[in-house]
Amino acid sequence: MRVNRRTFLQGTALGVASLGMGTATAAAAGTDWARLRRRLGDRLVLPGDPGYDALRVPWNTIYAHRRPAAIARCVRPEDVQACLEFASHERIPVAARSGKHSYAAYSLPENGLVVDLAAMSAVTVAGTRARVGAGAQLLPVYEAVGAAGQALPAGTCRSVGIGGLALGGGISVLGRKYGLTSDRLLSARIVTPDGCLRTASAHEEPDLYWALRGGGGGNFGIVTEFTFRTAPAPGLTVFKLVYPAGAAADALDAWQEWMVQAPDELWSNCTVDADPAAATNIGGAYVGPKKDLEPLLDRMPAATRTVQEMSYLETMRYYAGNPGPGFRFAASSRMLRDHVPGERVTGLMHGQSDGAILFDSFGGALGRVAPDATAFPHRDARASAQIFMDAENRTEAEARQVLATVRDGLGAGNTGYVNYIDPEMPDWPTAYYGRNLARLRKVARRYDPDRVLAFPQGL
Ligand SMILES: Cc1cc2nc3c(=O)[nH]c(=O)nc-3n(C[C@H](O)[C@H](O)[C@H](O)COP(=O)(O)OP(=O)(O)OC[C@H]3O[C@@H](n4cnc5c(N)ncnc54)[C@H](O)[C@@H]3O)c2cc1C
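Residues numbered from 1 in each chain as written. Predicted model: local features only at pLDDT ≥ 70, side-chain atom pairs only at ≥ 80, totals over all residues. Heavy atoms only, no water.

Let's shift gears to the pattern of salt bridges. Tallied over the entire structure, the rule returns 26 salt bridges. Where Asp194 meets Arg198, a salt bridge forms, and the shortest distance between an N and an O atom there is 2.7 Å. Between Arg400 and Glu396 there is a salt bridge, with its nearest N and O atoms 2.9 Å apart. With Arg400 and Glu396 both in helix H14 (residues 396-409), this residue pair falls 4 residues apart, about one helical turn. Take Arg400 and Glu396: they sit in the same class, and that class is buried. The network of salt bridges with common partners includes Arg334, Glu396, Arg400, Arg407, Asp408 and Asp422. (Salt bridge = Lys/Arg side-chain N within 4 Å of Asp/Glu carboxyl O. Helix = DSSP H or I, 4+ residues; strand = E, 2+ residues; numbered from the N terminus. Buried < 20%, exposed > 50% of the residue type's maximum accessible area, 1.4 Å probe, protein only.)

In space, the 5 strands of this open sheet follow the order S5-S6-S10-S8-S9, with antiparallel pairing throughout. The open sheet has two edge strands with one neighbour each: strand S5 (123-126) and strand S9 (197-201). With direction set aside, neighbouring strand axes in the sheet form an average angle of 15 degrees. Bridge analysis of strand S6 (residues 129-133) against strand S10 (residues 222-229) gives 5 bridges, and the strand direction is antiparallel. Each bridged residue has a counterpart across the sheet, and for Val132 the counterpart in S10 is Phe226. Against the sheet, helix H6 (residues 138-147) makes contact with S5 and S6, and its axis sits at roughly 25 degrees relative to S5, the strand it touches most. (Pairing = 2+ DSSP bridges. Axes fitted to C-alpha atoms, helices over the stretch in contact; angles between N-to-C directions. Contact = heavy atoms within 4.5 Å.)

On to helix H16 (residues 437-447). Note on helix geometry: an α-helix contains 3.6 residues per turn, so any two residues three or four positions apart are oriented the same way. Within the sequence span of H16, burial applies to Leu437, Leu440, Val443, Ala444 and Tyr447. Angular distribution of buried residues about the axis of H16 spans 125 degrees; they occupy a single face of the element. The outward face of H16, more than 90 degrees from its buried face, is lined by the exposed residues Ala438, Lys442 and Arg446. (Arc of directions from axis to C-beta.)

Shown next as structure tokens:
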């Protein structure tokens, strides 16, 4: 297994391109950047300024060639307002950037303005409320929430940004017990393209609040701060089941049936590697003690088993993986409503090089929310399947060809998870938003009538 790929698989534990980002190249050339610099000072970084190149690099380095016209290192909501007013007036592409992990690097618009929120990352916890700056990365969020004896269900890689993750849903090791990250959202402070700083909650701008819970990053406005409802931090037990080469199809079949019957406390994923000589790993976390998990693990076919009790914070650190730079990859997804035969999966995958499918269990609390109660539509899925292809040693086109074959071969209909955004996903609006699409488009038109935030897979 390759180093970069291993980093990804550990980091996600759950786990776009040739489309251009914006068409306003000519507009950017005639842009009056001095005007924005008067508002932001040296927080506005232009090509040629010190740090420009280091600042611009996205996590998926397939897009490392992209050159934004400017990067605004925002420190307060007024900076974000200045950026959106400027981009709207100058008609240049503009995108928020939190953790830079967009699979299609949509937070890095070519010739556009990057609204970098990394410095807006304060986390404060009071009781069961966590206020999280929209530029915060996941590990610091867990550290702050965990230090207060609380828990927030969010993703696994330490450097994923809360901004993109929460707006697209947020699948996590605690999702079956506590729901998606977006299900815990109480309110958001958001700058809309008209420059207004608004609060979206159940009581204020309720349509916007609905859309922000699964409607995908980059649409509607730029969130500056989230307030989440936390839960008292539970004790957890982390486990791994390892099946030898040749057992992938059977292990996947057994895993799917096992997870359908699992209690909310149990979350798990199953990784099927392209390499037929690789072991198949099933990993997971249980909300509760080891003694209660063991009988559940006994229902799975015998495997090499490791089981360890951990605190909430230890579990989050474990799944956060090690720090590391990004790399070249292509990925896509399907949401599984039915059992997918293990032999179909191994038939599609085995023999392809440098790739894997990561199946993550859904259901539990996540699945009990009505599909139209928030913008996240995939409540009836039993699992997500993330198809991942390393592109370090092949062209992007080669990686995407294999990706499409595997994705479409899974036979799970036209579905996908917007946070695993794939620029070549067929009929992506329906795949990502299903029956919530029409309402989402209405909200987008209301708050962004001039399409200031337009991007190739934007609403
Ligand atoms: C290694 C790795 C591990 C991952 N693990 C998980 C996981 O466990 N669970 C899961 O659900 N997903 C996971 N993901 C997917 C992840 O949720 C998406 O890639 C997400 O979009 C990343 O958000 P970001 O803020 O880091 O990225 P960015 O590139 O900064 O932003 C992503 C998108 O959101 C927009 N955006 C960002 N901030 C804001 C804001 N404040 N307001 C409005 N729009 C905004 C951007 O413009 C862009 O369109 C993982 C991805 C990677 C690469």
